[in-house]
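# Structural characterization, general
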Protein chains: 2
Amino acid sequence: MASRPRSDRSDRSFTAETVAIGSELLIGGRSDSNSLFIAEVLGSLGIEVKFKSIVGDDRGDIVQVIETAVRRTDVVIMTGGLGPTVDDCTREAVAAATGRRLVRRKEALDGMTARLAQWGRVPNRGQLQQARIPSRAEVLPNPVGSAPGFALRWKGAWLVALPGVPGEMQAMMRGAVVPLLTARLLSSAEQPPQPISRLVFHTWGLPEADVDAKLRGLVPKRSLVELGLLASPMGVLVSLTAKGRCSADHRMLKTLTEEVRARLNDWIFAEGEDSMEAVVGRLLSERGLTIAVAESCTGGLITHRLTQVPGSSAYVDRGAVCYSNQAKIDLLGVPPDLIARYGAVSREVAAAMARGIRQQAAVSVGLSVTGIAGPGGGTETKPVGLVYIGLDGGEGDVLVKEFRFHGDRSVIKQRSSQAALDLLRRWLIERGR
Amino acid sequence: MASRPRSDRSDRSFTAETVAIGSELLIGGRSDSNSLFIAEVLGSLGIEVKFKSIVGDDRGDIVQVIETAVRRTDVVIMTGGLGPTVDDCTREAVAAATGRRLVRRKEALDGMTARLAQWGRVPNRGQLQQARIPSRAEVLPNPVGSAPGFALRWKGAWLVALPGVPGEMQAMMRGAVVPLLTARLLSSAEQPPQPISRLVFHTWGLPEADVDAKLRGLVPKRSLVELGLLASPMGVLVSLTAKGRCSADHRMLKTLTEEVRARLNDWIFAEGEDSMEAVVGRLLSERGLTIAVAESCTGGLITHRLTQVPGSSAYVDRGAVCYSNQAKIDLLGVPPDLIARYGAVSREVAAAMARGIRQQAAVSVGLSVTGIAGPGGGTETKPVGLVYIGLDGGEGDVLVKEFRFHGDRSVIKQRSSQAALDLLRRWLIERGR
């Protein structure tokens, strides 16, 4: 089967491919997070990333990838391989693929020299190589680092090369690539494309199959709005994406958003870039409440998450990670005979921990977790994954819930922290302001 | 330029491409971690992953990617798109690309039925679709989930389709793909290829430029061993990779490993899959020591990391996250006038916190952190990123170190936790058994 042709310009739809260059990306150590940023920026212009490629620092392999990419998309954004070392061969690969010579360009050299001068340095031999750009390419200035990027048209596509350092790539996408594509590609369309809109809903507590069932029939057939589901230990993420062909899709997106909210209701704990810990933090702040956490199996993860939010010191008073029984007795005032009678992992001890931390810290809410994260420590009656979560809001009984989680130690810790924060979230909403 | 031919079999070198399928992978929410696992497993067979591709749930786009991949590599491992929903179109794409029909296969159906029966269920309509496999493909049983995989030879390459769920993919790579490639691909080489060996060294405390300088001239020119450096908030990772062409490279790798260890010395805190928290845990266990942690700006992250290690309950007694001053007074016995005089973020309070938690928990070692994670709370004399770490080993004075970190709140928390655990590591090594 032949390659599919690029989209016809008249339908105002443009596609892109990201190409991450670096041998480290192939064999471990780091995932390619640059491509997500690029997809978002291009999406805001109405350009859809359809393919992502990752390739090592090998000139022949990079040429291969470039040739494939320009055949199937309108815009190819390469990141990495522009540094001063011998490994870096993106410039050479583009020159080889396009049959152009590398030429030292004055504007590239001037920008680099000016930048290095700010740091009291002059370009070294490796850096001088960075000013060599394929002939007739446009030089893209790098406002953050020394390596300039470049862009050129080839076989009907725009081929853009940027450094792999996230801060440099981001500044150049915003400062150089967006203006370039707007003026030179998007202006060729009869009407500029609509931005790609993506809405994300984060749910907790429903298995993926149940989320799927609740959303069945949501998106009308032939609609260009796409529904996506993604399960992880932290819950199921639901996304709606409108691919920017016409404004009707965007109106549809609005309607569907309301429908998703109605169908999933309070299983949704956050939307977009929002997080469980930020949501819980806002609810606590709005109500003027303070919190302290007593953790056993989660080992500090809940307090760590709560304190990831800027300004959390206003409502997080303290956390006690009570791994030993003695710590539960010392720090939380859990009666030793309660532990002896019911065991450290029990409804009763979870309740005593929540009450203990609330009273000791003199805060509004005490939250507790005790459980068996594994891999050791499980028994037939108390298996790995058994977790009790307690919440003492100072009004009547302590609320305690039992959970049975699956997964390895790290997953059980994650799920337990999510369940605890979600219990708190629901309690705060129900309590009202 | 034409596509490069696949490697000649006689040089015993085989190449691979991973293809991750799923629209979610293009636009956010998750990075493709499956490909790193696959690269490792294939590397152990001497098969080098040269390309990674990511493509959405679009049949035409998947066909495009398959055609490119089989042209340039010997083994193509696809993950995702084998589920029961309409989105899932990997089966259809492979059928379309190879011109084969999809046939419901008894062995696929039987395996799935048996698995679902264990859960007390029968296959539904969507799941029955999962038993449809391209004709003449080999069915790869899924020992963990319901979706079977498959493998077929096409245009001289092996094309393998696996589910995207990491646990299922991993079990099938080990249980089905490795035996298949060993018997049907590697046996075709005159000599089986050498495994790709990759050694990783994790360093903390040296900037990337200093690591680079220390390793200059390490790898001889024209050697097939590759040196890689990768900086992150948790330190600089150094890797040596030998690509399995001949045993001389592997002897070289051994020599270079010794040389890296000699040059970087105790800046290396762990090697391979080992982690800072596991290293520190082993050092504590070997010495029969116990630990308690008093955290302020790290908010529980240090205790969370220590308790990620299975069996850590043997040496982690407790952690106290003292966000408020009152918590420092209550839980750690820090004198209020010390806080008033020097401030909560000070050398003196760090020392009092470490001593306080050690005495209160009656453990061997007390570790403390106090600092300003930002974005608010900084002053001219005490800026965001100022962090004090204290260690009380019960012998003489409390050890306190000052750090000035850069980055956002999350990065400062990460760096502080790494610095604290590294201080503990160095102290434990120096102390001896």
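Residues numbered from 1 in each chain as written. Chains lettered and ligands numbered in written order. Predicted model: local features only at pLDDT ≥ 70, side-chain atom pairs only at ≥ 80, totals over all residues. Heavy atoms only, no water.

### Side note on the overall build of chain A
- Regarding its fold elements, chain A presents 15 helices and 17 strands.
- Dimensions along the principal axes, computed over C-alpha positions, put chain A at roughly 80 × 55 × 40 Å.
- Within the span of chain A, comprising 433 residues, buried residues form 57% of the whole.
- A separation of at least 24 residues holds for 68% of the contacts in chain A among residues at least 6 apart in sequence.
- Counting every atom, chain A has about 17600 Å² of accessible surface; 51% of that belongs to carbon and sulfur.
- Counting 55 positive and 46 negative side-chain charges, chain A places the centres of these two groups 5 Å from one another. (Helix = DSSP H or I, 4+ residues; strand = E, 2+ residues; numbered from the N terminus. Buried < 20%, exposed > 50% of the residue type's maximum accessible area, 1.4 Å probe, protein only. Contact = heavy atoms within 4.5 Å. Areas by Shrake-Rupley, 256 points an atom, 1.4 Å probe, with all protein chains shown as cover. Lys, Arg positive; Asp, Glu negative; His and termini not counted. Charge placed at Lys NZ, Arg CZ, Asp CG, Glu CD.)

### A look at the relation of the copies chain A and chain B
- For the pair chain A and chain B, the best superposition has an RMSD of 0.9 Å and corresponds to a rotation of 179° with a translation of 0.8 Å parallel to the axis. The transformation just described matches what one would write down for a two-fold rotation axis. (Least-squares fit on C-alpha atoms with pLDDT ≥ 70 in both.)

### Let's talk about the state of the cysteines
All names here are of chain B.
- By the definition in use, this model includes 0 disulfides over all chains.
- Lacking any disulfide linkage, Cys297 is separated from the closest cysteine sulfur, that of Cys322, by 12 Å.
- Since its relative accessible area comes to 3%, Cys297 is described here as buried. (Disulfide = S-S within 2.5 Å.)

### Digging into the pattern of salt bridges
- In the structure shown here, the tally under the stated rule is 50 salt bridges over all chains.
- In this structure, the salt-bridge partner of Asp61(A) is Lys50(B), at a minimum N-O distance of 3.1 Å. Here Asp61(A) is found in helix 3 (residues 59–72), whereas its partner Lys50(B) is found in strand 2 (residues 47–55) on a different chain.
- Judged by its relative accessible area of 3%, Asp61(A) is buried.
- We classify Lys50(B) as buried; its relative accessible area is 13%.
- Salt-bridge contacts for Arg261(A) lead to Glu258(A); the nearest nitrogen and oxygen are separated by 3.0 Å. (Salt bridge = Lys/Arg side-chain N within 4 Å of Asp/Glu carboxyl O.)

### Looking at the packing of aromatic side chains
- Summed over the entire model, instances satisfying the criterion amount to 2 aromatic pairs over all chains.
- Taken together, a centroid distance of 5.4 Å and an interplanar angle of 10° make the contact between Phe403(A) and Phe405(A) stacked.
- One residue, Arg426(A), lies across the ring of Trp267(A), its end atom 5.0 Å from the ring centre.
- Over the face of the ring belonging to Phe51(B) we find Arg72(B), whose NZ or CZ atom lies 4.0 Å from the ring centre. (Phe/Tyr/Trp six-rings, centres within 6.5 Å; stacked < 30°, edge-to-face > 60°. Lys NZ or Arg CZ within 6 Å of the ring centre and 35° of its normal.)

### With respect to the sheet that holds strand 8 (residues 157–162) of chain A
- If you walk across this open sheet you meet the 12 strands as 6(A)-7(A)-8(A)-3(A)-1(A)-2(A)-2(B)-1(B)-3(B)-8(B)-7(B)-6(B), and the pairing is mixed. Both edges of this open sheet fall to strand 6 (138–140) of chain A together with strand 6 (138–140) of chain B, since each of them pairs with a single strand only. In this sheet, adjacent strand axes meet at a mean angle of 20° when their direction is disregarded.
- Here strand 2 (residues 47–55) of chain A pairs with strand 2 of chain B via 5 bridges, running antiparallel. Bridge pairing in strand 2 of chain B places Lys52(A) opposite Ile54(B).
- Where helix 3 of chain A meets the sheet, its contacts fall on strand 1 (14–21), strand 2, strand 3 (75–79), strand 7 (149–154) and strand 8 of chain A together with strand 2 of chain B, and the angle it forms with strand 2 of chain A comes to roughly 165°. (Pairing = 2+ DSSP bridges. Axes fitted to C-alpha atoms, helices over the stretch in contact; angles between N-to-C directions.)

### Digging into the sheet that holds strand 11 (residues 235–242) of chain A
Residue and element names in this part refer to chain A.
- The strand order 10-11-9-12 describes an open sheet built from 4 strands, whose pairing is antiparallel. Both edges of this open sheet fall to strand 10 (225–232) and strand 12 (268–271), since each of them pairs with a single strand only. Taking the axes of each pair of neighbouring strands and ignoring which way they run, one obtains an average angle of 20° across the sheet.
- Bridging between strand 10 and strand 11 involves 8 bridges; their strand directions are antiparallel. Note that in strand 11 the partner of Leu227 across the bridge is Leu240.

### Let's talk about the pairing of strand 13 (residues 291–295) of chain A
Residues and elements named next belong to chain A.
- Counting buried positions along strand 13 gives 5 out of 5 residues, so the element sits mostly inside the fold.
- The alternating pattern of strand 13 places Ile291, Val293 and Glu295 and Ala292 and Ala294 on opposite faces, both of which are buried.
- In this sheet, strand 14 (residues 316–322) lies alongside strand 13 in parallel orientation, the contact comprising 5 bridges. Looking at strand 14, one finds that Glu295 is bridged to Val321.
- For the segment spanning strand 13, helix 11 (residues 301–306) and strand 14, crossover handedness is right-handed. (Right-handed = clockwise from strand over helix to strand, strands pointing away.)

### Some points on the domain arrangement of chain A
- With domains assigned, chain A is organised as domain 1 (9–188), domain 2 (197–271) and domain 3 (287–431).
- Spacing between the C-alpha centres of domain 1 of chain A and domain 2 of chain A amounts to 34 Å. (Domains from an automatic or database assignment.)

### Looking at the packing of helix 12 (residues 325–332) of chain B against helix 14 (residues 347–361) of chain B
Residue and element names in this part refer to chain B.
- Two numbers describe how helix 12 lies on helix 14: the axes approach to 9 Å, and their chain directions differ by 40°. By the criterion of interaxial angle, the relationship of helix 12 to helix 14 is oblique. Where helix 12 approaches helix 14, its residues Lys328, Leu331 and Leu332 are matched on the opposing element by Val349, Ala352, Met353, Gly356, Ile357 and Gln360.
- Of the residues contributing to the contact of helix 12 with helix 14, the split by class is 6 nonpolar, 2 polar and 1 charged. (Parallel < 35°, antiparallel > 145°, perpendicular 65-115°, else oblique. Nonpolar A, V, L, I, M, F, W, Y, C, P; charged D, E, K, R; others polar.)

### Things to note about the environment of Ile389(B)
Residues and elements named next belong to chain B.
- The residue Ile389 is located in strand 16 (residues 386–392) in this model.
- Classification of Ile389 by relative accessible area gives buried; the value is 0%.
- Between the C-alpha atoms of Ile389 and Val400, which are 11 residues apart in sequence, the distance is 5.5 Å.
- Discounting residues that sit within four places of it in the chain, Ile389 has contacts with Leu367, Ser368, Val369, Leu399, Val400, Lys401, Phe403, Ser416, Ala419, Ala420 and Leu423.

### Some details on a positive patch on the surface
- A cluster of like positive charges, contributed by Arg71(A), Lys155(A), Arg71(B) and Lys155(B), occupies part of the molecular surface.
- One can find Arg71(A) in helix 3.
- For Arg71(A), a relative accessible area of 37% puts it in the partly exposed group. (Patch = residues over 30% accessible without salt bridge, like charges linked within 9 Å, V, L, I, M, F, W, Y side chains within 5 Å.)

### Regarding the environment of Ser346(A)
Residue and element names in this part refer to chain A.
- Along the polypeptide, Ser346 turns up in the loop between helix 13 (336–342) and helix 14 (347–361).
- With 23 residues separating them in the primary sequence, Ser346 and Val369 have C-alpha atoms 9.9 Å apart.
- Sequence-distant contacts of Ser346, that is, excluding residues within four places in its chain, are made with Thr370, Lys382 and Tyr388.

### Focus on unusual backbone geometry
Residues and elements named next belong to chain A.
- Cis geometry is found at the peptide bond from Gly374 to Pro375, where omega equals 0°.
- Here Ala362, not a glycine, exhibits a phi torsion of approximately 55°, which is positive.
- Along the chain, Ala362 falls in the loop between helix 14 and strand 15 (365–371).

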